[in-house]
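Residue-level listing of the chains:
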Amino acid sequence: MLRFLGWLFAAGFMIVIGVAAAAVYIVMDVSKDLPDYKQLAAYEPPVMTRMHAADGSLLAEYAEQRRLFVPIENVPKKLIQAYLAAEDKTFYTHSGLDYRGIFAAALRYVQVKVTGKGQIVGASTITQQVAKNFLLSSEQTLSRKLKEALIVQRIEASFSKDQILELYLNEIFLGMNSYGIAAAALNYFGKSLDELSVDEMAYLAALPKGPNNYHPFRHPKRAVERRNWVLLQMFENGYISEAEMKDAQARPLNVNPRPFGAQLFAAEGFAEEVRRELTSMYGKEGVSKGGYSVRTTIDPKLQIMARQAVARGLIGFDRKRGYRGPVKTVQLTGEDWATTLADFRVPADVSPWQISVVLEVSDSEAKIGLQPPRGPDGKFTDVREIGVIPLNFVTWARAYVDGSKLGPEIKKVSSVLNVGDVVYVAPGKEKGQYHLVQTPDVEAALVAMDPHSGRVLAMVGGFSYGSSQFNRATQAMRQPGSSFKPIVYAAALDNGYTPASVVLDAPVEFHLSNGKVWRPKNYTEKFYGPSTLRRGIEQSRNAMTVRLADDLGMTRIADLAQRLGIYDQMPRHLANALGSAETSLLRMVTAYSIFDNGGRKVEATLIDRIQDRRGRTIWKHDKRDCTACVQAEYTPDMPEPELLDVSEQVMNPYTAYQITSMLEGVVERGTGHKMKALGKPVAGKTGTSNDERDAWFIGYTPDLAVGVYVGYDNPKPMGKRRTGGELAAPFVEDFMKMALRNKPAAPFRVPRAIELIPINAVDGRRAVFGEQGTILEAFKPGDEPPDSTSVIGATKKTASAEGSGVVLVSPSQDGAYANSDSSFPVDSSIGTVPESTGLTEGGDGLY
């Protein structure tokens, strides 16, 4: 017996040694392929980038996985307790593996297999789930389980419990494309973590086991049962009272999914422009995974106003050009008429417009069927709505002829609409009545900017972003026309000219190197003789602007245009003085903002600051130095810190004010007179390119700069007299009326030492204030009105500043300006030299 026991002991010992050796071998073998758990220390999961407006409201989101990273210290304690109760009650006491739980799960497994009843339960701890989710696959193999057990021990030895829990709560998938608890709180309930109620926390804690099994809409009963079970576990573990449990269990599952993407109406184009800028800075993957918090410059209220102004202006202009016909004509059969509208999509940003089909037509009205609403599955519902278009809602729809002429007046609806016409309609004031509407074929863009910081407050890139994502405010390159002239005049003022300098407005010829002759002419096809710079810009005179540019030299003009940011490299062609070189609306508004900002550099921006996922500011637009802002604490007696403006002075501040004063004259007496209806101090300039292909107006008040451009995407004439003053200025006036409502009419800031001297508006010489034709003109320190007037361009030249031949044509004896080939009509009261001014012509060109 002793020998047998000894043999048995020896055999057992050998078996134990063998098993131990095998276990060591297996562990060593498995350990060879273990992933590096230390990478968890540098964990940065894909986190969505969120974009906010200037007031903090959500603008847009971009993500591959809708995740928001939240540090563990910012997670509500009650939410942590909900997850511990549901997933790992002994998390803070076990060493990574819950042996008691494993034993209980094993017994449960045997019980289910023997009886065939019940459900198998798992025993994975939160640490094990972290190991599996971050470092391992989900395959159900012994090898993976061994690796998991080994990694868990190493994780527990290297990380604190809070660090492990932080990884878990930010990584888990909780359904509805939500990764992590913060994203789930927003996507399910539209709340931040600290706003969640106990029942909502319990529902989020119920989801890790299987989000699809507890979907709030597909399986609402099962979802409520699971949530209530979590609440029970919270009560049994002492996290909530019985009263709290019963109150939470009695509540319905109020899940309110939050929409993803652009959140502000009419701001999609702005958000897309910011996304493009972010992509250029951090790459496409950085935007979708980097977790940036982007504070943009957009003012939601101003954005809606801008959208209204552009839509109202385009629709108004489009209606004056007539009705172009239905979107499409379909054949109506005995089938459901709604099926004929199945393929039509109405952009969300043209709401409340709807698509409809004409069912019946009479002389007095048209009966229409409206496109049915779509259900959650994207299919039409069974709702059918009928409406009418009365005669008085189609009287505008005269036939389109050529953009300027219209067909006969509308006296019958049947002369406009036919059965089967698919048309856009907008609801009228009376229920069931609809206006006939059509999408404009002409486009426009608007930019509103803070002229002192360059912050873009509102931007509209077209009539409908849903129809066209092309941003005409930044991507369209168009000829600015006469809106470029202030840069020519500013360059002159920076180089010794004054607003009272006189330039000859008369026919001029430029012999080009290719043998052609260029004869710039005024829009009115008249010439007005000697005129001051102020008069020239107020009336947008082309011929005298070209003479001024030729006398000044295009190099100086181009240098200023580049400093203002209008062009990167401006061609030195004389025609560019009239705005023939293409640029964008945003660049032009930025340049005008520099006038308003006293000549200091303004850099346009759509972004105020960018923060990383940890809340650290990694980029900001405001470059002003504020060393004094860094204080341990502030007391009431401490002076406010001064922000030092470090922006570059790109233009003489006196010149900037002189141009502003001259552009006020454009509104008061010139081509921008429609802006007078604003009733506030405003400066601005119109712009019209050849054949009315582009219409511009850029204007500014002391604290707001606004620009509008109108034109076809494929440039073509918009019709006679479709100028910047007639077409684009009303857009700006409409927007400014809304934006500046209830704001005081503040005057422009006048730099110190600027002298306001009364001069004669015609000849630019000193006058007595109060006399007819006298204005106050701004002169730089040391400048004053001249005693005699030298007329620029009054003497002949043989070559232009650019080396091409130029002939300046002198006035004929009758006062009209003519060359040897033809005569040009003039305004007889201005084109000649009036005797009442006391001017006489001298052989040296002086008057």
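Criteria and thresholds
Sequence order as written defines the numbering, with residues in each chain counted from 1. Confidence filtering applies because this is a predicted model: local features only for residues at pLDDT of at least 70, side-chain atom pairs given and counted only at 80 or more, and all residues used for totals across whole chains, interfaces and linings. Side-chain numbers come from the whole structure's heavy atoms, not from hydrogens or water. Secondary structure elements follow DSSP: runs of H or I of four or more residues count as helices, runs of E of two or more count as strands, with numbering from the N terminus. Residue contacts follow a heavy-atom distance rule, with two residues in contact if any of their heavy atoms lie within 4.5 Å. The Shrake-Rupley method, run with a 1.4 Å probe, gives the accessible areas here. Residue values count only the displayed protein chains as cover. Note: pLDDT gives the predictor's confidence per residue, expressed from 0 to 100. Accessible area is worked out with a 1.4 Å probe on protein chains only. A residue is then buried under 20% of its type maximum, exposed over 50%, and partly exposed in between. Two strands are said to pair when DSSP picks up at least two bridges between them. For helices, the fitted line uses only the C-alpha atoms of the stretch in contact; every axis is such a line through C-alpha atoms, and the angle between N-to-C directions lies from 0 to 180 degrees. Small angles under 35 degrees read as roughly parallel and large ones over 145 as roughly antiparallel, with 65 to 115 read as roughly perpendicular and the rest as oblique. When residues are sorted by character, Ala, Val, Leu, Ile, Met, Phe, Trp, Tyr, Cys and Pro go into the nonpolar class, Asp, Glu, Lys and Arg into the charged class, and all the rest, Gly among them, into the polar class. Ring pairs shown here join Phe, Tyr and Trp side chains whose ring centres sit within 6.5 Å, with only the six-membered ring taken for Trp; geometry is labelled stacked below 30 degrees between planes, edge-to-face above 60, and tilted in between. Placement of a charge over a ring requires the Lys NZ or Arg CZ to be within 6 Å of the ring centre, with the centre-to-atom vector within 35 degrees of the ring normal. N or O atoms within 3.5 Å of each other form a polar contact, as long as, within protein, one can give a hydrogen and the other can take it, and as long as residues adjacent in sequence are counted only when both atoms are side-chain atoms. Here, nonpolar core refers to any group of buried Ala, Val, Leu, Ile, Met, Phe, Trp, Tyr and Cys residues whose side-chain atoms link them within 4.5 Å. Left-handed describes a crossing in which the near helix is turned anticlockwise from the far one by less than a right angle; the clockwise case is right-handed.

Observations concerning the overall build of the chain
In terms of helices and strands, the chain carries 20 helices and 26 strands. Taking all contacts inside the chain whose residues are at least 6 apart in sequence as the whole, residues at least 24 apart take part in 68%. Total accessible area computed for the chain in this model is approximately 40500 Å², and 52% of it derives from carbon and sulfur atoms.

As for the confidence of the model for the chain
Low-pLDDT stretches of the model should not have their predicted coordinates read in fine detail. Averaged over all residues, the pLDDT of the chain is 84; the fraction at 70 or higher stands at 84%. In this model residues 796-847 is a low-confidence stretch, pLDDT under 50, and it forms 101 contacts with partners more than four residues away in sequence or in other chains.

Looking at the pairing of strand β2 (residues 58-62)
Extensive coverage of β2 is indicated by the burial of 5 of its 5 residues. In this antiparallel pair of consecutive strands, strand β1 (residues 49-52) and β2, the connection spans 5 residues, and Gly 56 shows a positive phi of 95°.

Overview of the packing of helix α2 (residues 77-87) against helix α6 (residues 161-171)
Between two packed helices, the angle of one axis relative to the other and the distance separating the axes together describe the packing. Put simply, α2 and α6 touch, their axes get as near as 12 Å, and they point 85° apart. Relative to α6, the element α2 lies roughly perpendicular. On α6, the residues touching Ile 80, Tyr 83 and Glu 87 of α2 are Leu 165, Tyr 168 and Leu 169. Tallied by class, residues from the contact of α2 with α6 come to 5 nonpolar, no polar and 1 charged.

Describing helix α7 (residues 181-189)
The buried fraction of α7 amounts to 9 of the 9 residues, a majority that puts the element mostly inside the structure. Turning to α7, its buried residues number three or more, namely Ile 181, Ala 182, Ala 183, Ala 184, Ala 185, Leu 186, Asn 187, Tyr 188 and Phe 189. Contact partners of the buried residues in α7: β1, β3 (66-67), α2, α6, β4 (178-179) and α8 (198-206). Among the residues trailing α7, Gly 190 stands out with phi positive, at a value near 65°.

Some thoughts on unusual backbone geometry
Look at the link from Ser 351 to Pro 352: it is a cis peptide, with omega at 15°. As for its position among the elements, Pro 352 is in the loop between β6 (328-329) and β7 (354-361). Not every positive phi belongs to a glycine, and Asn 742 is a case in point at roughly 65°. With respect to the secondary-structure elements, Asn 742 resides in the loop between α19 (724-739) and β23 (755-760).

Overview of the packing of aromatic side chains
One pass over the full model with this rule turns up 16 aromatic pairs. A ring pair is formed by Phe 510 and Trp 518, whose centres lie 5.5 Å apart and whose planes are at 35°; its orientation type is tilted. Residue Phe 510 is classed as buried on the basis of its relative accessible area, which comes to 2%. By the ring-pair criterion, three or more aromatic residues cluster together here, those being Tyr 592, Phe 595, Tyr 700 and Phe 748. Between Lys 716 and the ring centre of Tyr 712, over which it is positioned, the NZ or CZ distance is 4.5 Å.

Comments concerning the side chain of Glu 538
Summarising the element assignment, Glu 538 is placed in helix α14 (residues 533-538). With a relative accessible area of 2%, Glu 538 lands in the buried category. Beyond its immediate chain neighbours, meaning those up to four positions away, Glu 538 contacts Met 662, Gly 665, Val 666, Arg 669, Gly 670 and Thr 671.

Examining the environment of Lys 485
Within the secondary structure, Lys 485 sits in helix α13 (residues 485-493). By relative accessible area, Lys 485 is classed as buried at 0%. In the structure, Lys 485 is positioned 202 residues away from Gly 687 in sequence and 8.7 Å away in space, judged by C-alpha atoms. Excluding residues that lie within four positions of it along the chain, Lys 485 makes contacts with Ile 537, Ser 540, Arg 541, Asn 542, Thr 545, Ala 577, Leu 578 and Lys 685. Here Ser 540 takes part through its backbone oxygen, which lies 2.9 Å from a polar atom of the side chain of Lys 485. A polar contact of 2.5 Å, which involves the side chain of Lys 485, links it to the side chain of Asn 542.

Section: the pairing of strand β21 (residues 694-701)
In terms of burial, β21 is largely enclosed, as 8 of its 8 residues are buried. The side-chain alternation of β21 yields two buried faces, one formed by Asp 694, Trp 696, Ile 698 and Tyr 700 and the other by Ala 695, Phe 697, Gly 699 and Thr 701. Taken together, the 6 bridges between strand β20 (residues 683-688) and β21 define a ladder with antiparallel strand orientation. The residue of β21 that forms the bridge with Thr 688 is Ala 695. Direction of pairing for β21 relative to strand β22 (residues 704-711): antiparallel, over a ladder of 8 bridges. Residue pairing in the sheet places Asp 694 in a bridge with Gly 711 of β22. The loop that links β21 with its antiparallel partner β22 comprises 2 residues.

Side note on the side chain of Gln 303
Among the structural elements, Gln 303 can be located in helix α12 (residues 300-320). For Gln 303, a relative accessible area of 0% puts it in the buried group.

Observations concerning the nonpolar core
By size, the foremost hydrophobic cluster in this structure holds 84 residues, and its most contacted members are Ile 557, Leu 564 and Phe 595. For this core, the leading source of residues is helix α17 (residues 585-596), giving 8 residues. Excluding residues within four positions of it along the chain, Phe 595 makes contact with Pro 486, Ile 487, Ala 490, Leu 564, Met 651, Ala 656, Ile 659, Thr 660, Leu 663 and Tyr 700. Membership of the second largest hydrophobic core comes to 55 residues, among which are Leu 169, Ile 172, Ala 206 and Tyr 239.

Observations concerning the sheet that holds strand β14 (residues 502-505)
What the 3 strands build is an open sheet, ordered β17-β14-β25; its pairing is mixed. The open sheet has two free edges, formed respectively by β17 (529-532) and β25 (791-792), since each of these has just one partner strand. Relative to β25, β14 runs parallel, the two being bridged by 2 bridges. The partner of Val 502 across the bridge, within β25, is Val 791. On the sheet, helix α15 (residues 542-552) packs against β14, β17 and β25 and is oriented at approximately 125° with respect to β14.

Some remarks on the packing of α13 against helix α18 (residues 653-669)
Where α13 contacts α18, the axes come no closer than 10 Å and their chain directions differ by 135°. By the angle between their directions, the pair α13 and α18 is classed as oblique. The hand of the α13/α18 crossing is right-handed. From α13, Pro 486, Tyr 489, Ala 490 and Leu 493 reach across to α18, where they touch Thr 655, Gln 658, Ile 659, Met 662 and Leu 663. Residue composition of the contact of α13 with α18, by class: 7 nonpolar, 2 polar and no charged.

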